[in-house]
Amino acid sequence: MAALLLTLFVWRCLKRPDPLLDVRLFRSKPFTAGTVAAFTASLAMAGIMLLVAQWLQGVAGFTPILAGLALLPMAVGSLATAPFAPTLAIRFGARAILSGGLAVAGIGLVGLFALRGLDTYWQLIAPLVLVGAGTGALAIASAIIMGSTPQEKAGNAAAIEESMYDLGNVFGIALLGSIAAVLYRAYLDIQNFTGDGITGQLAVEANESVVGALIVAESAGLPELAAAATAAFVTALGRAALVGGVIMLLAAIAVYLLVPRGFDITAHNHPDDPPADPPAQAQTARGLTH
């Protein structure tokens, strides 16, 4: 039903001369590239940050406040790159900086998978910094989206961009969270603990989450269950991070292919604009030299 309603909404927007949401903006490749960057970056980050926060509080024993502080390396990475992203985009090109930023963030997520185990918090710092440093380039995505949109459609463009961030958060938690949950249950294989009395509701709780498994293990006096649940969750987190990293790397390739090489974030680049008259430009240049 939701897919049908969405299809009807898009069809209605395409038929109206002044729609509520102008989906025709997606005909612009740079605009599409910017929205892809916003969506995929939010998707990967939301899903992985959910899992990392669970590890910090459920496995490492961090309080909620300490867990929040533990995620600061990502913010530090973003603060280190975001202020310089526009300058770098002007010098090296918007597509190079935006696609490069997505690639760096993707490498950071793949780095979580490459750990092959998560024993201490300090192992998280480098991947978190890389993710933050890469997503610091998302300011360029906003510039590309607005720079490739007619001024009269700026409101539509801004609404679509914000929607992409929100949709990315929802899909990230749903997709990567579901992948991690399925893998956690598969690696835990709670049936191995049936002989230890972990059946019925206890098995359900242990299968539900690593926190539930740790509670059950403590109440039943089974350190083996706690160790198995922790190992299963860390493995599932790494596999989910790999999926998120691959998504980011694919998005980096898509952005590089969609954004024109000469895209200037300081100018209006809408493809429907008529080209400037070369003689007029030459006359203006000559006038400025006199």
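Structure: see above.
Residues numbered from 1 in each chain as written. Predicted model: local features only at pLDDT ≥ 70, side-chain atom pairs only at ≥ 80, totals over all residues. Heavy atoms only, no water.

**Student:** Would you mind showing me how to read a nonpolar patch on the surface here?
**Tutor:** A cluster of nonpolar side chains, contributed by I65, L66, L69, L72 and V76, occupies part of the molecular surface with about 490 Å² of accessible area. Sorting the residues of the nonpolar patch by element identifies α3 (64-70) and α4 (72-81) as the ones contributing at least two each. A total of three residues in the nonpolar patch trace back to one element, the largest contributor, which is α3. Checked against the element boundaries, L69 lands in helix α3. Residue classification places L69 among the partly exposed residues on the basis of a relative accessible area of 47%. (Patch = residues over 30% accessible without salt bridge, like charges linked within 9 Å, V, L, I, M, F, W, Y side chains within 5 Å. Areas by Shrake-Rupley, 256 points an atom, 1.4 Å probe, with all protein chains shown as cover. Salt bridge = Lys/Arg side-chain N within 4 Å of Asp/Glu carboxyl O. Helix = DSSP H or I, 4+ residues; strand = E, 2+ residues; numbered from the N terminus. Buried < 20%, exposed > 50% of the residue type's maximum accessible area, 1.4 Å probe, protein only.)

**Student:** I tried to follow the side chain of N156 on my own but got confused; where do I start?
**Tutor:** Along the chain, N156 turns up in helix α9 (residues 154-188). With near-sequence residues (within four places) excluded, N156 lies in contact with P19, L20, L21, D22 and L25. (Contact = heavy atoms within 4.5 Å.)

**Student:** For this particular structure, what's the right way to read the packing of aromatic side chains?
**Tutor:** In this description, an aromatic ring pair is defined by two values, namely the gap between the centres and the angle between the planes. Summed over the entire model, instances satisfying the criterion amount to four aromatic pairs. Look at F26 and F31: their rings are 5.2 Å apart centre to centre, the planes differ by 80 degrees, and that puts the pair in the edge-to-face class. For F26, a relative accessible area of 34% puts it in the partly exposed group. Through successive ring pairs, a cluster of aromatic residues spans F62, Y121 and W122. The side chain of R95 reaches across the aromatic face of Y256, ending 4.0 Å from its centre. (Phe/Tyr/Trp six-rings, centres within 6.5 Å; stacked < 30°, edge-to-face > 60°. Lys NZ or Arg CZ within 6 Å of the ring centre and 35° of its normal.)

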